[in-house]
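# Remarks on the overall topology
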Amino acid sequence: MKIKKLLSTSLLFFLPFFLILLILFCLNILIKDFNLGHKSHNAYPKAMNWVKYSFDLRKKKITNFIFKLSNTDEGLPRVDIYVSEKTSNKLLSNVPYSTKQYLKAEMLINKKKQKVRMRYFGDNPNNWMFNQKAIRIKTKKSETINRRRYFDYRPSQNKVLDEYVAFKMAKKLNLLVPEVRLVELFINDKSSGIYMEKERLNESFLRRNKIMPINLYKGEASRNSEKKIGLEFNLDDNPGLWEKISILNTRDENDYTDLIKLSNNIKKAESSSSDLNQILKFGNIDLLARVMTLQILLNNEINDSTHNRRLALDVWSGKIHIIPHDTYYFREKINKEYFSYDKGNGDLFTVINQSSNFLNKKYDTLYKVIKEEKIFDEIIKDLEILKAKYLISQKTDLGTVKRKHADYKNWSGPENEKSFDTLLKSLKNREQIITSFLERDPECSWNINEKGFDIKIKELIPISNLLVKFDEKIPKWLVLDLNGNQVLDQGDKYFFPNANGNFKMDIKFFANRIPVNLNPYNVHNRLITGNTKFTFFIENNSKPTELITFNQYNKKKLILKYDENKATGPSLNNIAIVENDKKKINILSGDISVKEDLIIKDETRILEGTIFTMGEDASIIFENKVNAIGSNKKPIIFKNDVESKN
């Protein structure tokens, strides 16, 4: 009886304290949930089970403590940041605005604590509402580290290695992309898990990449706190949705002329070859082909039409740099039904993927980076070097708890040695699948028409290296209706027989890429192929007996089948590519006087000792590749014309 009385008395005594703790715990959850859901500014996170998250987090911390007592092996490079409780509370005092202010902190640099400023970053509350927070560090101007003042520490929203692989691939493709490394971040000597250390995109980032100060734009239309009221989300249509994070210092900060020009060119390019050329010139066809190559290698978009866009427009060189910002390697096997090698994520890629010149450059680049640059082998080698240290840090990574509970649709855990090996296997498999795609037979045919014959192609792989045979009445010439007007005129291309009476043509034909929007509420377009015909005229109306194509990569022979199936003519920017046409190289040498603007469209070589005398306000604009290598004895000189100023 005394025991029962003691228990009941104790229960009555402690019950108020338990109720107070429970109420405080519930209030804390309500505050967290309010900050996550109602202050999210268009991010729309899913409902959170904060009780289960808190339980799993404490459980993970306990197992980490036990593991570290018995393990002394070093994992990933360690980064130490020291933050006072006052600073931590202030950064979350009025989210999301309080997360953007820099406050005092310290960072361990060269084994010494150094005063720095820190803030959280990211518009989505998933970046700062959980135990792992996205942190940006700023050092003093006089205390930069390797010419860097800003350091971004970003926890992964997917499997850590998948994001890491995406950025390493982009770097190996020579795209303009931040340097990254995997580190283990410690806050006040307590591990916060694995982070990706990245450069901040700003003017210093451009200078480190040997690019003069230019306009560097951030495109976040649908998931930020600065949403522009009254404007549609599509970033390709609305330059006003973008903001500058680096400025071309010769122009006004509010001058968006370069972005407006690009946006207008994109809108017009589908119906204007000249506007398409404005996008692809200055070597941009190579840059954009490598961006598309990255998406194919990743089996994933690097951004979309409404957010995660970073764009640098270089007025000095005319280059368009699309900067991968928030993407990852998608491990799943490429599925033809849901994946396209010509996927148009946004208006820009929807338009340029309708260009046969761009498709040709993209497929050639894709094959080159796999076979010659051996990008998959390089990535696998990097991962194998990283594996041992990564697995040590991974065992105590608190980020696994966050990714399990937060709104990360593409995270499917766990992240252990088996997962690591699965990634390596996926990379090897991806290489084989893409190579097999490029080396497969095209789906093509031919038929006789009134003036000659038609070549027809209806899938992604083009017809290339065409051989046309005649048994009798060998014609003196064949003519490709290059401009597609079904009339023999000066715009068409002549071919002549070889010694065997055959017509061997180094030529490519691509099927039309047709944009379709399966969802009227979605700005993402999908490109499908249509059966496309290219017409040849024959000199004496002879009939070919056999047409043969050879895959450009493995040289495999394929005899075209004959059929009468209907096909449409090539679209405006789908032009047959004649590879054996000699490219004109413009040679510049000696003394050259430039009194007014000079625009050179062809590939150019400037010989040593060349002297350009420039008139007042005159410029030289090169729209193609330039090879200009002077010497100490004979430099290439640009000088002012003194007489023009008198």
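Below or above, wherever it landed, is the structure these notes cover. Please read all numbers here as calculations on a predicted model, not as lab measurements.

Attention now moves to the sheet that holds strand E26 (residues 591-594). Strand order in this open sheet of three strands is E26-E29-E32, and the pairing throughout is parallel. The open sheet terminates on both sides in strands that have one partner only, identified here as E26 and strand E32 (637-640). For this sheet, the mean angle separating the axes of adjacent strands, direction not counted, is 20°.

This part takes up the packing of aromatic side chains. Taken as a whole and assessed by the stated rule, the structure comprises 18 aromatic pairs. Measuring from ring centre to ring centre gives 3.7 Å for tyrosine 341 and phenylalanine 437, while their planes differ by 0°; the resulting arrangement is stacked. Of this pair, tyrosine 341 sits in the loop between strand E11 (320-322) and helix H9 (347-352) while phenylalanine 437 is found in helix H13 (residues 417-438), placing the two residues 96 residues apart along the sequence. Given a relative accessible area of 6%, tyrosine 341 falls into the buried group. Measuring from centroid to centroid gives 5.7 Å for tyrosine 390 and phenylalanine 420, while their planes differ by 50°, and the two rings are tilted. Linking tyrosine 390 in helix H11 (residues 375-394) with phenylalanine 420 in helix H13, this pair joins segments that are 30 residues apart in sequence. For tyrosine 390, a relative accessible area of 2% translates into the label buried. By relative accessible area, which is 1% here, phenylalanine 420 ends up buried. In this structure an aromatic cluster arises from ring pairing among Trp446, Phe453, Phe495, Phe509, Phe534, Phe536 and Tyr562.

Working note: regular strand, side chains alternate between the two faces of the sheet. Of all five residues that make up strand E8 (residues 215-219), five are buried, and the element is covered over most of its length. Side-chain alternation along E8 places Asn215, Tyr217 and Gly219 on one buried face and Leu216 and Lys218 on a second face that is also buried. As paired strands, E8 and strand E9 (residues 242-246) are joined by four bridges and run antiparallel to one another. Counted as the bridge partner of glycine 219 is tryptophan 242 from E9.

Now for the environment of threonine 545. Examined against the element boundaries, threonine 545 turns out to sit in the loop between strand E20 (532-538) and strand E21 (546-550). As for threonine 545 and phenylalanine 470, which are separated by 75 residues in sequence, their C-alpha atoms are 5.4 Å apart. Apart from the residues lying within four places of it in its own chain, the contact partners of threonine 545 are Lys469, Phe470 and Asp471.

Criteria and cut-off values
- Throughout this description, residue numbers start from 1 for each chain and increase along the sequence as written.
- With pLDDT at 70 or above as the cut-off, local features in this predicted model cover only qualifying residues; side-chain atom pairs require 80 or more to be listed or tallied, and sums for whole chains, interfaces and linings still use all residues.
- Just so you know, side-chain values use all the structure's heavy atoms and leave hydrogens and water out.
- Being paired, for any two strands, means DSSP has found at least two bridges between them.
- Put simply, DSSP marks the helices as runs of H or I at least four residues long and the strands as runs of E at least two long, and each gets a number from the N terminus on.
- Between the N-to-C directions of two axes lies an angle of 0 to 180 degrees, each axis being a line fitted to C-alpha atoms and, for a helix, fitted only over the stretch in contact.
- For Phe, Tyr and Trp, rings pair up if their centres lie within 6.5 Å, where Trp contributes its six-membered ring, and each pair is then called stacked (planes under 30 degrees apart), edge-to-face (over 60) or tilted (otherwise).
- For the exposure calls, accessible area comes from a 1.4 Å probe over protein chains only, and a residue counts as buried if that area is under 20% of its type's maximum, exposed if over 50%, partly exposed in between.
- A contact between two residues is defined here by any heavy atoms of the two lying within 4.5 Å.

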